[in-house]
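Each chain, letter by letter, is given below.
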Amino acid sequence: SRNFTIDSIPGDGIGVDVTQVAMECVDAAAALHGFTVSWRIRDWNSDLYVKTGRMMPVDGIEQLSSGDGIYLGAVGTPDVPDDVTLWGLLIPIRREFDQYINLRPMKLLPGVTGAMPGIEDLDIVVVRENVEGEYSQIGGRFGAGTDAEFAVQESVFTKAGISRVARYAAEAAAGRGGTLVSATKSNGIIHTMPFWDEVVARTVAQFAGVTVDKVLIDALAARLVMKPTSVRTIVASNLFGDILSDLVAGVAGSIGIAPSANLNPERRYPSMFEPVHGSAPDIAGKGIANPVGALWAASMMLEHLGEVAAARSLTAAFESTLADGIATPDLGGSATTMEFAKEVRDRLR
Ligand code: NAD
Ligand code: IPM
Ligand code: MN
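Since this is a predicted model, take the numbers as computed values, not measurements. (Residues numbered from 1 in each chain as written. Chains lettered and ligands numbered in written order. Predicted model: local features only at pLDDT ≥ 70, side-chain atom pairs only at ≥ 80, totals over all residues.)

A. Molecular detail of the overall build of the chain. When you go through the chain residue by residue, the secondary structure sums to 11 helices and 12 strands. Its C-alpha atoms give the chain a radius of gyration of 20 Å, near enough to 20 Å, the size a compact globule of 349 residues would have. Summarising its shape, the C-alpha atoms of the chain cover approximately 55 × 50 × 40 Å along the three principal directions. Considering the chain as a whole, with its 349 residues, one finds that 47% of them fall into the buried category. Sequence separation of 24 or more characterises 76% of the internal contacts of the chain that already satisfy a separation of 6 or more. (Helix = DSSP H or I, 4+ residues; strand = E, 2+ residues; numbered from the N terminus. Rg over C-alpha atoms; globule rule 2.2 N^0.38 Å. Buried ≥ 20, exposed ≤ 12 C-beta atoms within 10 Å, placed from the backbone. Contact = placed C-beta atoms within 7 Å.)

Written out as structure tokens, the structure reads:
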């Protein structure tokens, strides 16, 4: 019978709470649909860093490469600098496995009214470039301790990197009304963004029926708040896509509901599925984290594995839970993480 090996990295803070309950829901959905998931639980987190000086073992990437996929909670804690935790685990996984697409869908979920009154039908996919751009390792801090102390950060955009994300996004836009909104800042960031615009335009021109709507990132942020239904598919650089995905999730009600798929579309390496949110130290250990982002990400993982029916049941189960008015406090409800997840399991069919 069908079995998948998934490396689960619960991580820190609420990453642990939400992955724990979501894995149970995945197991239940798998049982219903005639397959199994063998979880390899990895204790790769900030505690491990404090104990060993590493976020993951030296051969961590190699260990992950034999699995069918990676399921991550979140990493980050107030006790360890974020550049250590993120560059020690999350970013290397995205890069080593060439997960150059970060797919972040969002829609108005049943029973959720959204942050703004009067929003209907919000349905947006952010296609975020995930391995280059503003997130480069070129730069540094200089002159520590002097009055002339400064920091430099280089952005690196390549033709290959922009065109492959634009291609993926154009395909997504083709099935979603044909307009691809490209987030840019070619009026202000003078070297990289005109180049981004050119490569996006050239790439998308090869797709009949898809047009590029080039929008400056500042105006796009306002438009997403004021007229979110006017945008369906967005292609964005690493940093812009990061910011826009939290913005869109906030408009749709909470960043606790947003999922994320870090994909290597060629399937040469495992892909990674995680909620968009972080470890939320402010609510860690309280048992009230919203597990919807983690559940939705798990559903994207099942779909990626070819278990489309199981993915649909999982999504239907959390949607029907929300539709019945059961929600965690971030959405105005009073359910705990565990109560919400139990309702999801009860609704699986
Ligand atoms: P965050 O996403 O952790 O939290 C922002 C706010 O949203 C907080 O008020 C939090 O309580 C709330 N929130 C987030 N997820 C929620 C959920 N599921 N249910 C209910 N409320 C939720 O962002 P932050 O506070 O800026 O970052 C905290 C830490 O997480 C930092 O160390 C950061 O670097 C890290 N981080 C990690 C990842 C990742 O591992 N993929 C992603 C983002 C941030
Ligand atoms: C995300 C996170 C990460 C990112 C951080 C934690 C490095 O915010 O996955 O959205 O910016 O990619
Ligand atoms: Mn983010």
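From this point, things continue past the structure.
B. Looking closely at helix α10 (residues 308-323). Between the first and last C-alpha of α10 there are 22 Å, a value that for 16 residues agrees with the 22 Å anticipated at 1.5 Å per step. G325 sits one or two residues past α10 and shows a positive phi near 85 degrees. (Expected span 1.5 Å × (residues − 1).)

C. Representation of the UniProt feature "domain: Isopropylmalate dehydrogenase-like" (unreviewed entry) in the chain. The sites that UniProt annotates as "domain: Isopropylmalate dehydrogenase-like" (unreviewed entry) are residues 5-344. Strand forms 20% of residues 5-344 and helix 40%; the C-alpha atoms that close the span are 23 Å apart. (UniProt positions renumbered as here; feature names shortened; annotations may be inferred.)

D. The site of ligand 1, seen in detail. Taken together, 23 residues form the shell around ligand 1, and within it G76, G256, H277, G278 and N290 come nearest. If you list the elements that add at least two residues to the shell around ligand 1, you get α1 (14-32) and α4 (82-96). When grouped by side-chain class, the residues that make up the shell around ligand 1 number 11 nonpolar, eight polar and four charged. (Near = placed C-beta within 6 Å. Nonpolar A, V, L, I, M, F, W, Y, C, P; charged D, E, K, R; others polar.)

E. Looking closely at the environment of E134. Residue placement: E134 occurs in the loop between β5 (123-129) and β6 (139-142). A residue is classified by how many C-beta atoms lie within 10 Å of it, and E134, with 18 of them, is partly exposed. In the structure, E134 is positioned 58 residues away from T192 in sequence and 9.6 Å away in space, judged by C-alpha atoms.

F. Representation of the domain arrangement of the chain in the model. For the chain, the assigned domains read domain 1 (1-100 + 258-349) and domain 2 (115-251). One C-alpha centre belongs to domain 1, the other to domain 2, and the line joining them spans 25 Å. Its residues placed into classes, the side of domain 1 that touches domain 2 shows four nonpolar, two polar and three charged. (Domains from an automatic or database assignment.)

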